[in-house]
Amino acid sequence: MNQTQTAALPAQRYSAVWILSGVSFAHLLNDAMQTAVPSAFPLFQSTMHLSFTKIGWVAFMLNITASVLQPVIGYMSDRRPMPSLLPLGMVFSLLGLLGFAYSQAFWMLLVSATLIGVGSSVLHPESSRVARLAAGKGSGLAQSVFQVGGNTGQALAPLLVAFIIMPHGPKGFLWFTIAAVIGIAVQLYMSRWYAGQLAGGSARRSAAAGVQRVRSPHSKRFIAGAMTILIALLFSKFVYIASMTGFYAFYFMDHYNLPMSRAQLCLFALQFAGMVGTLLGGPLADRFGRKTMIWISIAGTAPFSLLLPFVSPELAFVLCCAIGLILMSGFSVIIVYAQELMPNHVGTVSGLFFGLAFGMAGLGSVLLGWISDMTGVAFAIKLCAFLPLLGVCAFLLPRDSKLMQQGE
């Protein structure tokens, strides 16, 4: 290595740190805007007199858009990277926020939710690719940094709703447009860097280095069985999260006769603890095994979720911390486990699982809204408390040693 190359290394590392920080910050802004929508459902119910079913449909449009579009955009960008999508996604989110601020009818809420869903769909595939490109060989660290940005935004959203949107009503969403404008500026910078890397050919070299195919020793039946179990675990996790983010605030206010701000504190605890759980999940899986971490992250939530509807508001805050910490620790582990099952389809697996996560949350929200209208929100919350028990299905997953035979 000559002196010029040696001197360039610190500059490259410096650039990578800035790019990773940028995509993580953009992810924070995106997920804060997206999570603010279900956190503000009590506000829309009181100002527009919506039924729980209609609230479920708003959540459905928010999530199903991302569920359908995200794999499609990921597939398209695999074939042809599109740096211009980065700021464009934030533009859609900005339009959605403006829509929520000025919505006068139910259909306007649906359109606004769809726009924010489109923005989220656009951000995730290309920003994830930028993070991987910036990190080089440290792709695992890059995805962790990227994911933690999103978790932080999800954790901040309930607090922002409680202290910014609630005092001003729906017009409080106008404050969130500041975040969208900042996000557009950040993504413009990211897109220029990304386009420069593509022009320099580094992305093509990186892609060429990553297309080495690995022959899996597992049969299609083996893979199908394991994937079915993983999808069942995703169902239990994301429908339960949908019940918490979309409907628990209603239960909290009715059950304890306390203001919405107290309910939002519990949701903040859930999301903030989830951010910590995301950070810990990977290292714990490396130490104790992926299968072990997966079943603990789902089934280990059950004792706390079953207790939550029956405790004091103070203890509810503590239980929300425990639920977020345990439940959120397993998602990245599930994705890595699935990628190792299908090593030649890493991008497809990622798009599928992220899409399923959004889709299940959307469909679950519609179903929970209907159940809440028919039987009451308390029954819906108590029913969803049993979902983490599906985590016992993880015992049926192949052992890590059997899964990793392909690497031998």
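Residues numbered from 1 in each chain as written. Predicted model: local features only at pLDDT ≥ 70, side-chain atom pairs only at ≥ 80, totals over all residues. Heavy atoms only, no water.

Here's the deal with the packing of helix H9 (residues 220-256) against helix H13 (residues 313-327)
Direction vectors running N to C along H9 and H13 enclose 175°, while the axes themselves pass 13 Å from each other. It follows from the interaxial angle that H9 and H13 lie roughly antiparallel. On H13, the residues touching Lys-237, Tyr-240, Ile-241, Met-244, Tyr-248, Phe-252 and Tyr-256 of H9 are Pro-313, Ala-316, Cys-320, Ile-323 and Leu-327. Residues that form the contact of H9 with H13 fall into these classes: eleven nonpolar, no polar and one charged. (Axes fitted to C-alpha atoms, helices over the stretch in contact; angles between N-to-C directions. Helix = DSSP H or I, 4+ residues; strand = E, 2+ residues; numbered from the N terminus. Parallel < 35°, antiparallel > 145°, perpendicular 65-115°, else oblique. Contact = heavy atoms within 4.5 Å. Nonpolar A, V, L, I, M, F, W, Y, C, P; charged D, E, K, R; others polar.)

A short note on unusual backbone geometry
Notably, His-49 is not glycine yet its phi reads approximately 55°, a positive angle. Structurally, His-49 is set in the loop between helix H2 (41-48) and helix H3 (52-79). In the Ramachandran plot, Asn-257 falls in the positive-phi region, its phi being about 55° despite a non-glycine side chain. On the basis of relative accessibility, which here comes to 68%, the residue Asn-257 falls in the exposed class. (Buried < 20%, exposed > 50% of the residue type's maximum accessible area, 1.4 Å probe, protein only.)

Some words on the nonpolar core
In terms of nonpolar packing, the biggest core is built from 105 residues, with Leu-230 and Tyr-248 touching the most fellow members. Ranked by residue count, the leading element in this core is H9, at 21 residues. (Core = buried A, V, L, I, M, F, W, Y, C linked by side-chain atoms within 4.5 Å.)

Quick notes on the packing of aromatic side chains
Taken as a whole, this structure holds twelve aromatic pairs when the rule is applied. Note on Phe-100 and Phe-173: the rings are 5.4 Å apart at their centroids and 25° apart in plane angle, and the pair reads as stacked. Here the residue Phe-100 occupies a position in helix H4 (residues 85-102), and Phe-173 occupies one in helix H7 (residues 173-200), the gap between them amounting to 73 residues. According to the relative accessible area criterion, Phe-100 is buried, its value standing at 0%. Sitting over the face of the ring of Phe-106, Lys-54 holds its NZ or CZ atom 5.3 Å from the ring centroid. Here Lys-237 stacks its cationic end above the ring of Phe-238, 5.2 Å away from the centre of that ring. (Phe/Tyr/Trp six-rings, centres within 6.5 Å; stacked < 30°, edge-to-face > 60°. Lys NZ or Arg CZ within 6 Å of the ring centre and 35° of its normal.)

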